[in-house]
Amino acid sequence: QAPVLNIVIGSHVWVADKDLTWIDGEVFKIDGQNAHVCTTKGKTVTANVSDIHPKDTEAPPDGVDDMTRLSYLHEPGVLDNLAVRYAKNIIYTYTGNILIAINPFQRLPNLVDVQTMEKYKGANLGDLDPHVFAIADVSYRQMMNEGKSNSILVSGESGAGKTETTKLLMRYLAFLGGRSGTGGRTVEQQVLESNPVLEAFGNAKTVRNNNSSRFGKFVELQFDKSGKISGAAIRTYLLERSRVCQTSSPERNYHCFYFLCSAPSEDIKKYKLGDPSSFHYLNQSSCIRVDGINDAEEYLATRNAMDMVGITEEEQEAIFRVVAAVLHLGNISFAKGTEADSSVIKDAKSRFHLNTAGELLMCDCEKLENALIKREINTPEGVITTTVGPNSATVSRDGFAKQIYSRLFDWLVNRINASIGQDPSSDKLIGVLDIYGFESFKTNSFEQLCINFTNEKLQQHFNQNVFKMEQEEYTREQINWSYIEFVDNQDVLDLIEKVRVGRCYMH
Ligand SMILES: Nc1ncnc2c1ncn2[C@@H]1O[C@H](COP(=O)(O)OP(=O)(O)OP(=O)(O)O)[C@@H](O)[C@H]1O
Ligand SMILES: [Mg+2]
């Protein structure tokens, strides 16, 4: 909503504040475009009248559970409403039929238990307090009553709580469409247990989130005619490969590396592992342990979850052999060879890691060595083999490690899908999308560009559905309404994806 300009002396307003974002106060003087405000924190500030927003002095002290009921739907009004509710441990608020969830960073009592699930089952949206279960319930009812497939989009910046919210959505959908008491592993149990497996291999501690998803995920739950879950498919997108070889304080590599280094001693011996800080791929960052993550327990929990999703003991051994091999690969150093642009394995320690990586990957160690220190070039005359210097060999080593890790991840996803099983006869689906949120670091790479661009696309989809289409309909039907201003990010998208015809070409 555009700022209201009829600010007068005595108006209650919100002004921008560098610490609190917005602060409320009362206008005591106006000269020209400047309003002088005495804030409730006792400060006096001066701001341009066009930058200040009116405050609703009659807003309920506990806030409103649907933001559309606010008198002023401007940024400070929305934030204040959310803050008032959050202070009372109320983390969910509606804006029409959209749910806003705020990360509580603690388990709130009775918020997501079975009794609460029972309560929301079949209730109309808005009849009960705002809740993520209500959103899942609406999508399920719509699917059942109108035969319409639905998708639930969970978006927000890194650490906002998307993955936790996604898990709650899936738990509730499993509760509605589950086949309790059938014995054995059900589809929904397998879908739920796939989370810890995917998180072990695709999540890591970042600056913003100790359990940050480093991949995007779309879970498609398939339902049969009676509304029971009959199959599921997990699609993943764009695993952050660079993390495998490169981490910096205070971040960590993927969880599974640390879990494996804290495995029971027979596994440590089998994979010739040791202190995580002795591995180059882990010790570039000084962060090895994370408060609240018990790597040894998580290792066992991951193995357990793998059992649940139907990954056999033999397959699990193979998976962790690849994980260990990646660590050993990272410890292979190269030195200059006798000839120009050639390299050799640096020392006995590096040779040990090379041989161990070869053994774990069950490949010929000599071939592995050659793959790192030599390069094959295809020419019309045939394949020419050349040697490469230590720097290029290191790049090959990292490339190889990234490649096998990301293939392992894709294999895992396929394996989980094969185990859960698809229902080809299902014509009703509910999809839940959880991708990684907006990111901005000190140094941003191509991966951040892809992540942020994807989020901008989703924001545009949201804008299209929530603002543009809705408002166009109002105009078409000549409904009397006041235009809601929103930041349209189309320009940002055009800059990156629009095909340009002109004199400027980008290569
Ligand atoms: N509903 C919740 N209840 C309790 N704790 C929560 C909840 N949501 C989030 N958290 C806490 O916040 C942390 C971060 O949440 P989550 O991993 O879901 O963020 P995200 O939005 O998926 O971030 P990213 O984009 O980095 O993957 C969780 O590990 C958990 O500690
Ligand atoms: Mg996440």
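Before any of the text, the structure's been laid out above.
Reading the values: rules and limits
- Residues numbered from 1 in each chain as written.
- Chains lettered and ligands numbered in written order.
- Predicted model: local features only at pLDDT ≥ 70, side-chain atom pairs only at ≥ 80, totals over all residues.
- Heavy atoms only, no water.
- 1 Å grid on protein atoms, 1.4 Å probe; cavity = no way out; pocket = protein on both sides within 12 Å on 5 of 7 lines; lining within 4 Å.
- Points joined across faces, edges and corners; volume = space filled by probe spheres on them.
- Nonpolar A, V, L, I, M, F, W, Y, C, P; charged D, E, K, R; others polar.
- Helix = DSSP H or I, 4+ residues; strand = E, 2+ residues; numbered from the N terminus.
- Donors = N, O, S within 2.8 Å, 3.2 Å for Na, K, Ca; no water.
- Axes fitted to C-alpha atoms, helices over the stretch in contact; angles between N-to-C directions.
- Parallel < 35°, antiparallel > 145°, perpendicular 65-115°, else oblique.
- Left-handed = near helix turned anticlockwise from the far one by under 90°.
- Contact = heavy atoms within 4.5 Å.

A. Here's a closer look at the layout of surface pockets. A volume near 470 Å³ is recorded for the second largest pocket. Lining the second largest pocket are 18 residues, with Arg243, Ser248, Glu251, Phe441 and Thr443 positioned closest to its centre. Grouping the constituent residues of the lining of the second largest pocket by class yields 3 nonpolar, 9 polar and 6 charged.

B. Fine view of empty space enclosed by the protein. Evaluation of the coordinates by the stated rule reveals 1 cavity of 30 Å³ or more. Here the largest cavity is characterised by a volume of approximately 40 Å³. Along the walls of the largest cavity sit Thr163, Asn195, Leu198, Glu199, Asn203, Ser213, Phe215, Lys217 and Asp434, which together make up its complete lining. It is helix α5 (residues 187–202) that provides the largest number of residues to the lining of the largest cavity, a total of 3 residues.

C. Highlighting the coordination of the magnesium ion (ligand 2). Within the first shell, the magnesium ion (ligand 2) binds the protein through Thr163 (OG1) and Ser213 (OG), at distances of 2.0 to 2.1 Å. Highlighted residues: threonine 163 in helix α4 (residues 162–177) and serine 213 in strand β10 (residues 212–213), separated in sequence by 50 residues.

D. Spotlight on the packing of helix α10 (residues 313–330) against helix α11 (residues 348–361). Viewed as axis vectors pointing N to C, α10 and α11 meet at an angle of 160 degrees, and their least axial separation amounts to 8 Å. In terms of axis orientation, α10 runs roughly antiparallel to α11. With respect to the hand of their crossing, α10 and α11 are arranged in left-handed fashion. Contact residues: α10 offers Arg321, Val322, Ala324, Ala325, His328 and Leu329, while α11 offers Phe352, His353, Thr356, Ala357, Leu360 and Leu361. A breakdown of the residues in the contact of α10 with α11 according to their chemical character gives 8 nonpolar, 3 polar and 1 charged.

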